[in-house]
Amino acid sequence: MENQTTTKFKPWEDLDITDDFIFTRVMRNKKLCRTLLEMILKVTVGRIKFLTSHHAIQIDPNAKGIIMDVYLKDENKVINVEMQASNHRDLPRRARYYQAAADIDTTPKGSQYSDLKQNYVIFICTFDPFHKGKPFYTFQNYCINYGEPIPLEDGTEKIFLNTTAKDLSNLDLDLRLFYDYIKDKIAQTAFTKELDESIARMKQEKEERNMYLTYTSRMMECRRDGYEEGLFTGREEGISIGLERGAYQKALETAKRLLSYGDSPEKVAMCTNLPLDVVLELTHHPLQEVREDGTSVQLV
């Protein structure tokens, strides 16, 4: 078996808006984030009550945990925005799960179903997720039994932007020029110029650069250690396949150490090749040991 110990990362200077590291950081600017959302949704976004990047939601210790890139709500909406540069062919079902998780996360105990907020999931894709050549796909729920669709009106929308589409004629000018910025990095509007300037300023900040370099360095070290110990295995085949007990325990210890450094659970999962739900379990129960079969025991 070939020893794949090297993980390639873009040089800091080459990062742009399509890179998750950059996108999540510039979207912390509420003005830029609101402008982008209103451009896509064609609705007014009110005062943003919270805005987080790489927000972790763990509905239940035994349920699949998720990390949302840009996650926010206003008075009557909850919105998740994701930049997608790789097509793993799971976006429709991911959108379904994300919306369910966001509903649970933002609906307090004792609420009525009528209290549920408008729920939007937006994927900005650098590929065509449905291979139809369309630049913009909006999905809602409808009854399909009687010819003319009957809207369910459950307050959910799933939106997919295909920034590689050639025919953008049915998009507003500002959105067309945002697509152009995604593809060619040429800023032609007040919004894209401010976005581009924000990214340029960020890339001049030594702290941001060091954060990125530290992240990529840890990722490469952990992946190298993982390969050397026989840690790397197909995630979808389950963590028990191809993992010796010693290697698995080493991965857990590495995960605990990275979490203590402040790394997000998603980064730790990528670094150690542990499933995200196992890493999230460590964040909730740091004094527990998670076994290979998924069970955990309290450490003395």
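Nothing here was measured: the structure is a model prediction, and the numbers come from that model. (Residues numbered from 1 in each chain as written. Predicted model: local features only at pLDDT ≥ 70, side-chain atom pairs only at ≥ 80, totals over all residues. Heavy atoms only, no water.)

Trainee: Would you explain the overall build of the protein in this entry?
Mentor: Assigned secondary structure in the protein consists of nine helices and 10 strands. Put simply, the protein has 300 residues, and 44% of those count as buried. Sequence separation of at least 24 residues holds for 60% of the intrachain contacts in the protein that already meet a minimum separation of 6. Here the protein has roughly 16600 Å² of accessible surface; of this, 49% comes from carbon and sulfur atoms. (Helix = DSSP H or I, 4+ residues; strand = E, 2+ residues; numbered from the N terminus. Buried < 20%, exposed > 50% of the residue type's maximum accessible area, 1.4 Å probe, protein only. Contact = heavy atoms within 4.5 Å. Areas by Shrake-Rupley, 256 points an atom, 1.4 Å probe, with all protein chains shown as cover.)

Trainee: What should I look at first to understand the side chain of asparagine 119 in this one?
Mentor: Inspection of the secondary structure assignment puts asparagine 119 in strand 4 (residues 118-125). Looking at asparagine 119, the relative accessible area reads 1%, which means it is buried. For asparagine 119, the side chain forms a polar contact with the side chain of aspartate 103, separated by 3.0 Å. In this structure, asparagine 119 is in contact with Val78, Gln99, Ala102, Asp103, Gly155, Thr156 and Glu157, ignoring residues within four places of it in sequence. (Polar contact = N/O pair within 3.5 Å; in protein donor to acceptor, adjacent residues only side chain to side chain.)

Trainee: It is not clear to me how the pattern of salt bridges should be interpreted in this structure. Could you clarify?
Mentor: Scanning all chains against the criterion turns up 10 salt bridges. Note that arginine 28 is salt-bridged to glutamate 208, the shortest N-O span being 3.3 Å. Pair noted here: arginine 28 is in the loop between helix 1 (20-26) and helix 2 (30-41) and glutamate 208 is in helix 6 (residues 206-228), with a separation of 180 residues, a long-range link. A residue is classified by how much of its surface remains accessible, and arginine 28, at 45% relative accessible area, is partly exposed. Put simply, glutamate 253 and lysine 256 hold a salt bridge, and the shortest N to O gap is 3.4 Å. Of the two residues, glutamate 253 and lysine 256 both sit in helix 7 (residues 245-260), three residues apart, roughly one turn of that helix. Here glutamate 253 falls in the partly exposed class, since its relative accessible area comes to 44%. In this structure, a network of salt bridges that share partners links the residues Lys10, Asp16, Asp19 and Lys185. (Salt bridge = Lys/Arg side-chain N within 4 Å of Asp/Glu carboxyl O.)

Trainee: Can you help me understand the confidence of the model for the protein in this one?
Mentor: On average, residues of the protein carry a pLDDT of 81, and 77% of them reach 70 or more. In the model, residues 1-6 has pLDDT below 50 throughout and makes five contacts with residues more than four positions away in sequence or in other chains. (pLDDT = per-residue confidence, 0-100.)

Trainee: What is the right way to read helix 2 from this model?
Mentor: Note that an α-helix has 3.6 residues per turn; residues three or four places apart therefore point the same way. With 12 residues, helix 2 should reach 16 Å at 1.5 Å per residue; the first-to-last C-alpha distance of 16 Å fits that figure. Looking at helix 2, one finds that the buried residues are Leu32, Cys33, Leu36, Leu37, Met39, Ile40 and Leu41. The opening residue of helix 2, the one whose side-chain oxygen lies 3.0 Å from the backbone nitrogen of lysine 31, is asparagine 29. Within two residues after helix 2, lysine 42 carries a phi angle of roughly 60°, on the positive side. (Expected span 1.5 Å × (residues − 1).)

Trainee: Is there a simple way to think about the packing of helix 2 against helix 4 (residues 173-184) in this case?
Mentor: With their axes 9 Å apart at the nearest point, helix 2 and helix 4 run at an angle of 115° to one another. The handedness of the crossing between helix 2 and helix 4 comes out as left-handed. From helix 2, Leu36, Met39 and Ile40 reach across to helix 4, where they touch Asp174, Leu175 and Phe178. The residue inventory of the contact of helix 2 with helix 4, partitioned by class, reads five nonpolar, no polar and one charged. (Axes fitted to C-alpha atoms, helices over the stretch in contact; angles between N-to-C directions. Left-handed = near helix turned anticlockwise from the far one by under 90°. Nonpolar A, V, L, I, M, F, W, Y, C, P; charged D, E, K, R; others polar.)

Trainee: Would you mind going over the packing of aromatic side chains with me for this structure?
Mentor: Geometry of an aromatic ring pair is reported as the spacing of the ring centres plus the angle between the planes. Going through the model one piece at a time under the given rule, you end up with 10 aromatic pairs. On the basis of an interplanar angle of 40° and a centroid distance of 5.6 Å, the ring pair of tryptophan 12 and tyrosine 212 is categorised as tilted. Linking tryptophan 12 in the segment before helix 1 with tyrosine 212 in helix 6, this pair joins segments that are 200 residues apart in sequence. Taken together, the ring pairs connect Tyr98, Phe123, Phe130, Tyr137, Phe139 and Phe160 into an aromatic cluster. When the ring centre of phenylalanine 21 is taken as origin, the NZ or CZ atom of arginine 25, which lies over that ring, is 3.8 Å away. (Phe/Tyr/Trp six-rings, centres within 6.5 Å; stacked < 30°, edge-to-face > 60°. Lys NZ or Arg CZ within 6 Å of the ring centre and 35° of its normal.)

Trainee: Is there a simple way to think about the packing of helix 2 against helix 5 (residues 190-204) in this case?
Mentor: Pairs of packed helices are described in terms of their axes, by the angle between the two and the distance that separates them. Closest axis-to-axis distance for the helix 2/helix 5 pair is 11 Å, and the angle between their directions is 140°. It follows that helix 2 is oblique to helix 5 by the angle criterion. The two elements helix 2 and helix 5 meet at a crossing, and its hand is left-handed. On helix 5, the residues touching Lys31, Leu32, Thr35, Leu36 and Met39 of helix 2 are Phe191, Glu194, Leu195 and Ser198. (Parallel < 35°, antiparallel > 145°, perpendicular 65-115°, else oblique.)

Trainee: Just to check I follow, could you spell out helix 5 for this structure?
Mentor: Across its 15 residues, helix 5 extends 21 Å between first and last C-alpha, which sits within 8% of the 21 Å expected from 1.5 Å per residue. When helix 5 is considered as a whole, its buried residues turn out to be Phe191, Thr192, Leu195, Ser198, Ile199, Met202 and Lys203. Burial along helix 5 is one-sided: seen end-on, the buried residues are contained in an arc of 130°. For helix 5, the exposed residues set more than 90 degrees away from the buried face come down to Ala190 and Gln204. (Arc of directions from axis to C-beta.)

Trainee: Would you mind going over the side chain of threonine 18 with me for this structure?
Mentor: For threonine 18, the position within the fold is in the segment before helix 1. Overall, threonine 18 belongs to the buried group, its relative accessible area being 12%. Side chain to side chain, threonine 18 and aspartate 16 meet in a polar contact 2.5 Å long. Excluding its chain neighbours within four sequence positions, the residues that come into contact with threonine 18 are Lys10, Met83, Ala85, Thr126, Ile182 and Lys185.

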